[in-house]
Amino acid sequence: MRDIPGTFRQTRRSWLATCAAVSVPGCIGANSPGDNGSTPIVDTQSHGPTRWRAELDAEPTKPVAGHLVNVGAGSRVHGFDPSSGEEVWARSIPGPVRDLESGRETLHVISEVASGRRLHGPEIRITALDAPTGEQRCEAELGNRRVFASGDSRIFLNDQTDVVPAEVDVSAVDGRDGSVLWTRKMAYPRKAVLGDNRLFIAGHDGIYAIEADSGDQQWRFGWEEFGYQSFVVGGRIVAGVEGSVSEGLTLHVLDRDGSHLWSFDDWQPVGVTAHDDRLFVGGERFGAFDAATGKVEWSVARRGGVYHAPTHSGSILVGGDDVRAYALSDGTEQWRYEAESSDLSPSMVVDETAYVLGAASVDDEPRRVTGLDLDTGEERWQVATDSDLTAVAGSDYGAYVSDESGVLYALS
């Protein structure tokens, strides 16, 4: 599993065409087209692990879960009651919906602009909706950009480019009215994490801390060799793996003020997960590090990248060709789940169930979601489809996943 920005899901539909950038920032009104369209068919009597399912009339986005479960399909956004599956509201959006970003009371819809030249990917429109009601608050066209971080009523974007190391614009947009708060140039920013009112960015030439309100640079840690492999922000630290090939990778760990704490290259570090005051690092081995000192607390002979591994009840779940639960304290293997699927990715834990997303094989697009007992690793249930599944989203009620063929599943 590669560490890529998770701000939107690239579907076959949304990337069949490419486009040029024409940036037209600002709010362009609160009125929307009429909400004519088919009503989703919600089945609350599904057998197996699904609490309910909604059949949509187009390929859906990844769902987002808050007070409601929201999903985009075609040019419409839907809000469902997470318990019953009842559709609370639906809203038409001008242009295909590509992704959703959820805030406390605002749902930001990222959609494609149909007009314009298409050379480097679709231009985007961001529509702010009131999350409980679906009422439109504002809309802004922002050109050939991608969203790579959001939070605190702000959305952070950068230009899309395949040129390395291209210098591109990074911008902050007010999610309430669509106005651009600031814009600055950066060399090929890849991933961003918002925290402490700072935007931590990993790019081609190093790690940056940007003041989120003004866009001013607070500090920069430069790579000795160009390249970026993975990046994570923990409770007190910022960690990034320098390098872009399988040899010569180095993990660097900084404090939040940019001071270098330690580096590690005793084995090739591939993927980093932060939990409390510790880092969990994959690659040639899998191990736990003291985040402040770099001391290796334990390691086990397991190869493979480790990205955003979920932790719960004293365990960390690591995917790959199988799923294994290790004790956070000493790395003792507590259980192992093996299946015909490969590229197994534990996504989250809800109500003592681990939700695992996996492909049928490396070359096979269709995916399945498996529910594992958190204590034993025993398979409780499995949902498999003939078409691709999105990443899994979770709430207090359970988890949700969208099927490319047009189905939203609420999982047990």
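Calculation notes
Residues numbered from 1 in each chain as written. Predicted model: local features only at pLDDT ≥ 70, side-chain atom pairs only at ≥ 80, totals over all residues. Heavy atoms only, no water. Helix = DSSP H or I, 4+ residues; strand = E, 2+ residues; numbered from the N terminus. Buried < 20%, exposed > 50% of the residue type's maximum accessible area, 1.4 Å probe, protein only. Contact = heavy atoms within 4.5 Å. Areas by Shrake-Rupley, 256 points an atom, 1.4 Å probe, with all protein chains shown as cover. Pairing = 2+ DSSP bridges. Salt bridge = Lys/Arg side-chain N within 4 Å of Asp/Glu carboxyl O. Core = buried A, V, L, I, M, F, W, Y, C linked by side-chain atoms within 4.5 Å.

**Observations regarding the overall build of the protein**
- Looking only at helices and strands, the protein has zero helices and 37 strands in total.
- When each of the 412 residues of the protein is scored for burial, the buried share is 56%.
- Within the protein, residue pairs in contact and separated by at least 24 positions form 43% of the contacts whose partners lie at least 6 positions apart.
- Accessible area for the protein stands at about 17400 Å²; split by element, carbon and sulfur atoms hold 44% of it.

**A closer look at the sheet that holds strand β5 (residues 76-80)**
- Spatially, β3-β4-β5-β6 is the arrangement adopted by the four strands of the open sheet, whose pairing is antiparallel. The sheet terminates laterally at β3 (64-65) and β6 (87-92), the two strands that pair on one side only.
- Strand direction decides the pairing type here: β5 and β6, joined by five bridges, are antiparallel. Bridge pairing in β6 links histidine 78 to alanine 90.

**A word on the pattern of salt bridges**
- Scanning the model with the defined rule gives 18 salt bridges in all.
- Arginine 198 is the salt-bridge partner of aspartate 196, the closest N and O atoms lying 3.7 Å from each other.
- Relative accessible area serves as the criterion here: at 11%, arginine 198 is assigned to the buried category.
- A salt bridge links aspartate 257 to arginine 198, with the shortest nitrogen-to-oxygen separation between them at 3.7 Å. With aspartate 257 in the loop between β21 (250-255) and β22 (260-264) and arginine 198 in strand β16 (residues 198-203), this pair connects stretches of sequence that are 59 residues apart.
- In this structure, a network of salt bridges that share partners links the residues Arg302, Asp322, Arg324, Glu333 and Arg336.

**Observations concerning the nonpolar core**
- Core analysis: the largest hydrophobic core is formed by 15 residues, its most contacted members being Ala239, Leu251, Val253, Trp262, Leu279 and Phe289.
- Mapped onto this core, the elements with two or more residues apiece are β20 (237-242), β21, β22 and β24 (278-283).
- Of all the elements, β20 adds the most residues to this core, at three residues.
- In terms of nonpolar packing, the next biggest core, distinct from the first, is built from 14 residues, Val350, Trp381, Val383 and Leu411 among them.

**Remarks on the pairing of strand β30 (residues 333-338)**
- With five bridges joining them, strand β29 (residues 322-327) and β30 adopt antiparallel strand pairing. Paired with alanine 325 across the two strands is tryptophan 335, which belongs to β30.
- Counting the residues in the hairpin turn of β29 and β30 gives five residues, including glycine 331, whose phi is positive at 80°.

**Re the environment of lysine 295**
- Turning to its location among the elements, lysine 295 is positioned in the loop between β25 (286-290) and β26 (296-300).
- Judged by relative accessible area, which is 58%, lysine 295 ranks as exposed.
- C-alpha of lysine 295 to C-alpha of tryptophan 262: the two residues are 33 residues apart in sequence and 9.5 Å apart in space.

**Let's talk about unusual backbone geometry**
- With a phi angle near 60°, asparagine 197 is a residue other than glycine that sits in the positive phi range.
- Among the structural elements, asparagine 197 can be located in the loop between β15 (189-195) and β16.
- The phi angle at histidine 308 is positive, at roughly 55°, despite the residue not being glycine.
- Counting through the fold element by element, histidine 308 comes out in the loop between β26 and β27 (311-312).

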